[in-house]
Structure formats: C-alpha cells, structure tokens
Amino acid sequence: MQNNTRIIFMGTPDFAVASLDILVQNGYNVVAVITAPDKPAGRGLQLHESAVKQYAVSKNIKVLQPEKLKNPAFLEELKALQADLQVVVAFRMLPELVWDMPPLGTINVHASLLPNYRGAAPINWAIINGEKESGVTTFKLQHEIDTGDVLFSQAVQIRDDETAGELHDELMQTGAQLLLKTVQAIVSGDVHEKPQAQMDAADVKHAPKIFKENCQINWTLPVDQVYNLVRGLSPYPTAWSTLQGKGIKIFKAEKEHVTPKVAPGEFVTDNKTYLKIAAADGYLSLLEIQLEGKKKMEIEAFLRGYRVTN
C-alpha cells in the first residue's frame, strides 16, 4: 500500500535529507521535492543547490524550487502532482493553499518536544537554556507556526558537554525514524492526534530566530550560562566576544567553577597552553577559537602565533 501513497517532500538543509532518504529507502512513492531556489555562495558566487535538491537529483526525483509559494503556476503544478500526503522538514512557512491541499494533510518534523521550543532555532535554544532533554515531534500543520496536533514525539537526552552541532546530528537521525513511524501510521489509518492546547503549556519556551546580538557573550553572567551559550551556538552561528579590540568566535571551551581573580570579561593566560576569561563566578577556558581575519584554531596553536597581554 505504501508504494501507492503519493508523497511530496518539502525541505532544504542537511537536517531534512535523512528524513527524505528514509522514505525513499523504505519504498515510499516520493513524487516530488520542493526546496529553496539555488543561491549564490562562496567567493565566486556560484549557484549553490540545497542539500535536499542534491539528494533528490541523485535519486531522479522531480524537484520544484518556487520563489513564492502562492505563485499560481506553482500551485497548479503542485495540484497536478495529486499528492496524498505532504511532509515538511526544515522548510519555510507554508500558506494554507499549500498545506491544506493533500487529502491526508501535511505533516511536519520539528526538532523539539512540542509545545516547547516552537520557532526557527529549537536545537540552539534548548542548549543555551541548559536543558537536559530535547527531542523530535511530528505534527499536523495548522494556521499558526508549530501549533498543530501532535502525532508522535521522541525524547533525546542532552549531554552536559554536547554542542548544538552534535545534537543536530542526533536529532536528524531520530527525526527520520520518527517520520517513518508517523507516515506508516498515517498510511495504515492508525494515528491519534493530540491537540497541543491539551498539553501542559503554562510555561512554554520559545525558539526564535537567532541574530548576531544574541551571540555576544555577557561575561557578567554565571559561567554555566556563558558555557551553555557557547555550546548552543557551536559550530554555527557561534558565540563571540572581543579580545584586545578584535572580534573572537568561541567554538569550544570548558568551564571552571572557581572565584575569578580578575573582573568579568578580563583574562588570564600563560601565553602557552591556556587562555581563560572570567565570568561572574568562574572562568571559561577557551579551547577552539577564531580571531577575526584568521582561521579557526586550537588554543595552543593560537597562543604560539599571538601574544595576549593585559
């Protein structure tokens, strides 16, 4: 029966590829992929294809790349594909004309345990906020973003030293498995929707888009919060500060709970093996950094070529 279910997949980045691949590998009839238009990238501004497009082309799946999702020509083409079900993983917001089109509806894979962490950056904010648990949720699309009825969810523990990049890769695989379970349930008619309004949402946490100002380190905060910000923004978009008047990105660090001997934001170093910056109640020991105009490097390599002076 699954081969007769016509599925349209919508997604763009690497995170979505695992979910698309699991449908293909399990014999589902993915009739088309909708992804972002090619964009100029790199020094030569060559057109760059999304990770989802690259995968779809390799599997000879039809690819549509509309600039506008309400474009009449695109809507006609979408309708002509006669999808039974649409799957959305890491794509943009859909107009009702699109998500309401297939008879089995449109489902989304979201990298959080809804209703918590609705929004564009759930993986980052979960770590920034020091959560011990994250996960993936599949749900039916409705009008307001990330508010549809929940179908399935799967929790994942967050390690104390885990970065956003590491959690991303784990949730990518968990999300693919959960999507497969969800599609199997929908196709067999054995699915039970749970409205988010019925879930405990008194203190719902949100995951808005992250901007550069969100990434600047406030050294007057406790060292745990500073450490979580670094983890939650690594490897992208990366926590940053300044060092002797130059911008510095911090990719990896360790925290030390000791009373600092210098003021928050000031540093101590032996100019050989360590560089530590004081927070309110401890030090952040930098392990992997990038000074503006330089490449990313381990702290010992950095100190060999750059003398830090108070």
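First things first, this report covers the structure right here in the doc. Values in this document were obtained by computation on a predicted structure and should not be read as measured data.

Parameters and conventions
- Residues numbered from 1 in each chain as written.
- Predicted model: local features only at pLDDT ≥ 70, side-chain atom pairs only at ≥ 80, totals over all residues.
- Heavy atoms only, no water.
- Helix = DSSP H or I, 4+ residues; strand = E, 2+ residues; numbered from the N terminus.
- Buried < 20%, exposed > 50% of the residue type's maximum accessible area, 1.4 Å probe, protein only.
- Contact = heavy atoms within 4.5 Å.
- Axes fitted to C-alpha atoms, helices over the stretch in contact; angles between N-to-C directions.
- Left-handed = near helix turned anticlockwise from the far one by under 90°.
- Nonpolar A, V, L, I, M, F, W, Y, C, P; charged D, E, K, R; others polar.
- Pairing = 2+ DSSP bridges.

Another aspect to go through is the overall build of the protein. For the protein, the helix and strand inventory stands at eight helices and 15 strands. The principal-axis extents of the C-alpha atoms in the protein amount to approximately 70 × 50 × 30 Å. Sorting the 310 residues of the protein into buried and exposed places 49% on the buried side. Within the protein, residue pairs in contact and separated by at least 24 positions form 64% of the contacts whose partners lie at least 6 positions apart.

As a further point, take unusual backbone geometry. A cis amide bond links Ser234 with the next residue in sequence, Pro235, at an omega value of 10°. Summarising the element assignment, Pro235 is placed in the loop between helix H7 (223-232) and strand S10 (239-243). In this model, Tyr236 is joined to Pro237 through a cis peptide bond whose omega is 5°. Examined against the element boundaries, Pro237 turns out to sit in the loop between H7 and S10. Phi at Tyr117 takes a positive value of approximately 60°, unusual for a residue other than glycine. Following the sequence through the fold, Tyr117 ends up in the loop between strand S7 (106-110) and helix H5 (122-128). Even without a glycine there, the phi angle at Asn271 is positive, about 60°.

Now for the side chain of Thr147. With respect to the helices and strands, Thr147 occurs in the loop between strand S8 (133-140) and strand S9 (150-157). The exposure class assigned to Thr147 is buried, which follows from its relative accessible area of 19%. If near-sequence neighbours (up to four positions away) are discounted, Thr147 is found in contact with Arg118, Phe139, Gln142 and Gln196.

The subject of this paragraph is the packing of helix H1 (residues 14-25) against helix H6 (residues 164-188). Across the interface, H1 lies against H6 with an axial gap of 8 Å and an inter-helix angle of 35°. Crossing handedness for the pair H1 and H6: right-handed. Taking contact as the criterion, the partners of Asp14, Phe15, Ala18, Ser19, Ile22 and Leu23 in H1 are, on H6, His168, Leu171, Met172, Gln173, Gly175, Ala176, Gln177, Leu179, Leu180 and Val183. Looking at side-chain class alone, the contact of H1 with H6 contains ten nonpolar, five polar and one charged residues.

With eight of ten residues buried, H7 lies mostly within the body of the structure. Those residues of H7 that fall on the buried side of the exposure criterion are Val223, Val226, Tyr227, Asn228, Leu229, Val230, Arg231 and Gly232. Tucked into the core, H7 has its buried residues touching H5, H6, S10, strand S11 (246-256) and strand S14 (283-291).

The next thing to look at is the sheet that holds strand S1 (residues 6-11). What the seven strands build is an open sheet, ordered S5-S2-S1-S6-S7-S8-S9; its pairing is mixed. Of all strands in the sheet, those with a lone pairing partner are strand S5 (63-64) and S9, marking the two edges. Where strand S2 (residues 29-34) meets S5, two bridges bridge the pair, whose relative direction is parallel. Looking across to S5, one finds that Val33 is bridged to Val63. Contacts from H1 reach S1, S2 and strand S6 (85-89), with the element oriented near 165° to S1.

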